[in-house]
Amino acid sequence: MNPGTTYGFRVNRAGPLALLQDAGRFGVRHLGVTQGGPADLHAWAWANRLAGNKWGCPALEITFGGLEIQAEKDLTIAVAGADLSAKHDTRPLPLWRRIRVGKGERIVFGTPAKGLRAYLAVAGGFSAEPVLGSVACVTREHLGGFDGLGRRLAEGDRLTVAQSDGVHTEAIETPEHQRPDYSEPAVLDLLPGAQIADFSGRSLYEAFNSEWRVDDRADRMGVRLIGPPLHCRIDSMVSEGISLGAVQVPPDGQPIALLNDRQTIGGYPRLGNLTPLAAARLAQSLPGQRVRFRPTGAERALREHRAFVNQVTG
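As the structure is a prediction and not an experimental result, all values here were calculated from the model.

Caption draft 1: Examining the overall build of the protein more closely. Each helix and strand in the protein was counted, giving four helices and 20 strands. With respect to the principal axes defined by its C-alpha atoms, the protein has extents near 60 × 40 × 35 Å. For the protein, the share of sequence-separated contacts (at least 6 apart) that also reach a separation of at least 24 residues comes to 76%. Carbon and sulfur atoms make up 51% of the accessible area of the protein, which amounts to about 13500 Å² in all. Averaged over its 36 positive side-chain charges, the protein has a centre that lies 1 Å from the centre of its 33 negative ones.

Caption draft 2: Just the environment of Gly8, in detail. On the secondary structure map, Gly8 appears in strand E1 (residues 5–13). The exposure class assigned to Gly8 is buried, which follows from its relative accessible area of 0%. Linking Gly8 and Phe126, residues 118 residues apart in sequence, is a C-alpha distance of 8.3 Å. If near-sequence neighbours (up to four positions away) are discounted, Gly8 is found in contact with Gln70, Ala71, Glu72, Lys73, Leu75, Leu159, Thr160 and Val161.

Caption draft 3: Representation of the side chain of Gln248 within the structure. Tracing the chain through its elements places Gln248 in strand E16 (residues 246–248). Judged by its relative accessible area of 3%, Gln248 is buried. Other than its neighbours up to four places away in sequence, Gln248 contacts Ile242, Gln254, Pro255, Ile256, Leu258, Gln263, Gly266, Gly267, Tyr268, Pro269 and Arg270.

Caption draft 4: The environment of Pro185, seen in detail. Secondary-structure assignment places Pro185 in the loop between strand E11 (158–162) and strand E12 (186–192). Its relative accessible area of 49% is what places Pro185 among the partly exposed residues. As for Pro185 and Val291, which are separated by 106 residues in sequence, their C-alpha atoms are 5.2 Å apart.

Caption draft 5: Here's a closer look at helix H1 (residues 41–51). Among the eleven residues in H1, eleven count as buried, and that is most of the element. Measuring from the backbone nitrogen of His42 back to the side-chain oxygen at the start of H1 gives 3.0 Å, which picks out Asp40 as the cap. Gly52 sits one or two residues past H1 and shows a positive phi near 85°.

Caption draft 6: Spotlight on the nonpolar core. In this structure, Leu188, Leu225, Leu271, Leu274, Leu282, Val291 and Phe293 are the most contacted members of the largest nonpolar core, which totals 45 residues. Element by element, the count of residues in this core is highest for H1, at eight residues. If sequence neighbours within four positions are ignored, Leu188 has contacts with Leu274, Ala278, Arg281, Leu282, Val291, Arg292, Phe293 and Arg294. Grouped together as the second largest cluster of nonpolar side chains are 30 residues, Val79, Phe109, Leu120 and Phe126 included.

Caption draft 7: Looking closely at the sheet that holds E11. With antiparallel pairing, six strands are arranged side by side in an open sheet as E7-E6-E9-E4-E1-E11. Two strands lie at the open edges of the sheet, namely strand E7 (91–92) and E11, each paired on one side alone. As defined by bridge partners, E1 adjoins strand E4 (residues 68–71) across four bridges and the pair is classed as antiparallel. If you follow Phe9 over to E4, its bridge partner there is Ala71.

Caption draft 8: Summary view of the pairing of E1. The pairing of E1 with E11 spans five bridges and is antiparallel. Within E11, the residue paired with Thr6 across the bridge is Val161.

Caption draft 9: Quick peek at the sheet that holds E12. In space, the seven strands of this closed barrel follow the order E12-E19-E16-E17-E14-E13-E20, with mixed pairing throughout. Neighbour-to-neighbour, the strand axes of this sheet turn through a mean angle of 40°, independent of strand direction. Looking at chain direction, strand E14 (residues 222–226) and strand E17 (residues 256–258) are connected through three bridges and run antiparallel. Across the sheet, the residue bridging to Gly222 is Leu258, located in E17. Against the sheet, helix H2 (residues 201–209) touches E12, strand E13 (212–218), strand E19 (270–274) and strand E20 (290–295), its axis set at about 120° to E20.

Caption draft 10: Quick peek at the pattern of salt bridges. One pass over the structure, following the stated rule, counts 19 salt bridges. Residues Arg179 and Glu176 are paired through a salt bridge, measuring 3.7 Å at the closest nitrogen-oxygen approach. Taking relative accessible area as the criterion, Glu176 reaches 60% and is therefore assigned exposed. Asp189 is paired through a salt bridge with Arg294; the nearest N and O atoms lie 2.7 Å apart. Of this pair, Asp189 sits in strand E12 while Arg294 is found in strand E20, placing the two residues 105 residues apart along the sequence.

How each quantity is defined
Residues numbered from 1 in each chain as written. Predicted model: local features only at pLDDT ≥ 70, side-chain atom pairs only at ≥ 80, totals over all residues. Heavy atoms only, no water. Helix = DSSP H or I, 4+ residues; strand = E, 2+ residues; numbered from the N terminus. Contact = heavy atoms within 4.5 Å. Areas by Shrake-Rupley, 256 points an atom, 1.4 Å probe, with all protein chains shown as cover. Lys, Arg positive; Asp, Glu negative; His and termini not counted. Charge placed at Lys NZ, Arg CZ, Asp CG, Glu CD. Buried < 20%, exposed > 50% of the residue type's maximum accessible area, 1.4 Å probe, protein only. Polar contact = N/O pair within 3.5 Å; in protein donor to acceptor, adjacent residues only side chain to side chain. Core = buried A, V, L, I, M, F, W, Y, C linked by side-chain atoms within 4.5 Å. Pairing = 2+ DSSP bridges. Axes fitted to C-alpha atoms, helices over the stretch in contact; angles between N-to-C directions. Salt bridge = Lys/Arg side-chain N within 4 Å of Asp/Glu carboxyl O.

Spelled out as structure tokens, the structure:
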């Protein structure tokens, strides 16, 4: 344990997938190392904001629930994102709000009610040794996390937190209009680009005027969408760098939206790129849910993203 850190939680039950995530690992994709970071940037940022942490502070990403942790000291926390039927001991745990947790008290995540991923931030932030400049946990590449080896949480783990000198924010809860209803069909802003001109006119119409169903083949690497097959005149192409939110279309015509743990290069034609906030919203969609693409422009997307960052860091 590093100086200035202490044990904050003990893991009583690990659940299927709980990972430590900071803002992500950047400047290393030329080495074939992916980004990592929070699948839902919006909820992760709000959890940290409510806990009084700076942008980039590590928080827990809890997917599908099933996690039970017990406080080893008095802590200030915030949980944002999916409703995973969480409880504070025996009481329902309020989401999108800062709360106090006493030593010995438990935080228990059940099963998804709305959304897929919840984010738990603690005042001062979770603490771990960075690997390639980040503690973002990427299990496939065995990088990051509390042990530096990309391991998901396991029963008996003790989670270190940085010592906090107080919560430096007046924000107690997230404004109502900033809390998405994850049960509603998502409208995903997409920047047309890359090879979009090589898709047929019919396919472009279908892409932006059809509902797409989230396939059960969805994880932190990407989300496959099921709907009308899209046809592109390009049969093959040289692999290109892949950004967060890139929407590739393989030969079967079913789009794949790539997320944080995506591969670094890809050779399928791309319809365009989801904005970071659209990728975050897609990451909360359960298999079977419906989504739509909405075309947007770079200027509007940049303006909305700057407004979001200013709100969660101001």
